[in-house]
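The chain contents come next:
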Amino acid sequence: MLQLNPQKLIAVALITTAALISACGGGPDQTQLERELQDKAGSDILPVELGMVDCPEDVVMTPESVFICASEVAGQYYELQVRIIDAQGQYSYAHKHHPLQLVNAEALLADEVAYQVGFDLMIDCGDGEYLVAPIGSSFNCVATRVEGGAQANIEVRLQDATGRLTWILLRT
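Residues numbered from 1 in each chain as written. Predicted model: local features only at pLDDT ≥ 70, side-chain atom pairs only at ≥ 80, totals over all residues. Heavy atoms only, no water.

**Q** Got a minute to help me understand the overall build of the protein in this structure?
**A** Helices and strands together make up the secondary structure of the protein, namely three helices and nine strands. Tracing the protein from N to C terminus, the helices and strands come up as α-α-β-β-β-β-α-β-β-β-β-β. With 172 residues in all, the protein has 31% of them scored as buried. In the protein, the proportion of contacts linking residues at least 24 apart, taken out of those at least 6 apart, comes to 39%. With the model as given, the accessible surface of the protein reaches about 11000 Å², and the carbon-plus-sulfur share is 54%. (Helix = DSSP H or I, 4+ residues; strand = E, 2+ residues; numbered from the N terminus. Buried < 20%, exposed > 50% of the residue type's maximum accessible area, 1.4 Å probe, protein only. Contact = heavy atoms within 4.5 Å. Areas by Shrake-Rupley, 256 points an atom, 1.4 Å probe, with all protein chains shown as cover.)

**Q** Is there a simple way to think about the state of the cysteines in this case?
**A** What is meant by a disulfide is a covalent connection between two cysteines, made through their sulfur atoms. Taken as a whole, this structure holds two disulfides when the rule is applied. Sulfur-sulfur distance for the disulfide between C55 and C69 comes to 2.0 Å. Judged by the sign of its S-S torsion, about 105°, the bond between C55 and C69 is right-handed. One end of the pair, C55, is in the loop between α2 (28-44) and β1 (66-73); the other, C69, is in strand β1, with 14 residues separating them in the sequence. Here C55 matches C69 in class, with each residue buried. (Disulfide = S-S within 2.5 Å.)

**Q** It is not clear to me how the pattern of salt bridges should be interpreted in this structure. Could you clarify?
**A** This structure, assessed with the given rule, holds two salt bridges. Taking the shortest distance from any N to any O, the salt bridge between E64 and R83 comes out at 3.1 Å. Note that E64 is positioned in the loop between α2 and β1 and R83 in strand β2 (residues 76-84), a separation of 19 residues in sequence. On the basis of relative accessibility, which here comes to 35%, the residue R83 falls in the partly exposed class. In this structure, the salt-bridge partner of D160 is R164, at a minimum N-O distance of 3.2 Å. (Salt bridge = Lys/Arg side-chain N within 4 Å of Asp/Glu carboxyl O.)

**Q** How do you make sense of the pairing of strand β3 (residues 91-95) when you look at a structure like this?
**A** The side chains of a regular strand alternate between both faces of the sheet. Alignment of β2 against β3, held across five bridges, turns out to be antiparallel. Looking at the pairing, I84 lines up with Y91 of β3. As consecutive antiparallel partners, β2 and β3 are separated by six residues, and within that stretch G89 has a phi angle of approximately 90°, a positive value. (Pairing = 2+ DSSP bridges.)

**Q** I tried to follow helix α3 (residues 102-117) on my own but got confused; where do I start?
**A** Between the first and last C-alpha of α3 there are 22 Å, a value that for 16 residues agrees with the 22 Å anticipated at 1.5 Å per step. Residues L102, A105, E106, L109, A110, V113 and A114 constitute the buried set of α3. Projected down its long axis, α3 shows its buried positions confined to an angular sector of 150°, all on one face. Pointing more than 90 degrees away from the buried face of α3 are the exposed residues D111 and Y115. G118 occupies a position one or two residues after α3 and carries a positive phi of about 90°. (Expected span 1.5 Å × (residues − 1). Arc of directions from axis to C-beta.)

**Q** Sorry, what's going on with the sheet that holds strand β7 (residues 138-145) here?
**A** One key point about sheets: their strands pair by backbone hydrogen bonds, in either a parallel or an antiparallel sense. Here four strands make up an open sheet; going across it, the order is β5-β7-β8-β9 and the pairing antiparallel. For this open sheet the edge positions go to β5 (121-124) and β9 (165-170), each flanked by a neighbour on one side alone. The mean inter-strand angle of the sheet, taken between neighbouring strand axes irrespective of direction, is 30°. (Axes fitted to C-alpha atoms, helices over the stretch in contact; angles between N-to-C directions.)

**Q** Could you clarify how one ought to interpret the sheet that holds β2 in this entry?
**A** Pairing is antiparallel in the open sheet, where three strands are placed in the order β1-β2-β3. If you trace the sheet from one side to the other, it starts and ends with β1 and β3, each paired once. If you compare each strand with its neighbour and ignore which way they point, the axes differ by 30° on average.

**Q** Is there a simple way to think about the pairing of β7 in this case?
**A** Where β5 and β7 come together, four bridges link them in antiparallel fashion. By the bridge assignment, L121 is partnered in β7 with R145. Hairpin connection from β7 to strand β8 (residues 151-158): five residues lie between these consecutive antiparallel strands, with G148 at a positive phi of about 110°.

Structure (structure tokens):
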């Protein structure tokens, strides 16, 4: 007669459940990856804080897998691209957005544009402390001449993850 041991049944059930969870993603490896990304990528963009990182649950963590994890910076959407390097779970990541501290960006642009046009300007790129923009994207700012108040639009492009900006004065 076969005797069932409840402790063995529970152990088998737990092992089976753990294997299914880790095979489907969303398990301990994914949680660890999300925490590590929050710490590592978050330290890249200090003093602004990177929110909790959320990676897709259906990702198969095999070498050369590439996927996007989402987060938030200053209340705005933020992405990290993750590439799995090897079977041991080593990975690399790249920032797909960059947080621009507006007061610093506006001051930098005011200096650069004023140098180019030959008179002092004030630049306004919007409200808020930070603008989180996708790398390679463009946004508009308003340049106002200090003497006289004449205004012009400036198209600003975020070039890379270091926050390098280029601009074009839009003539109307």
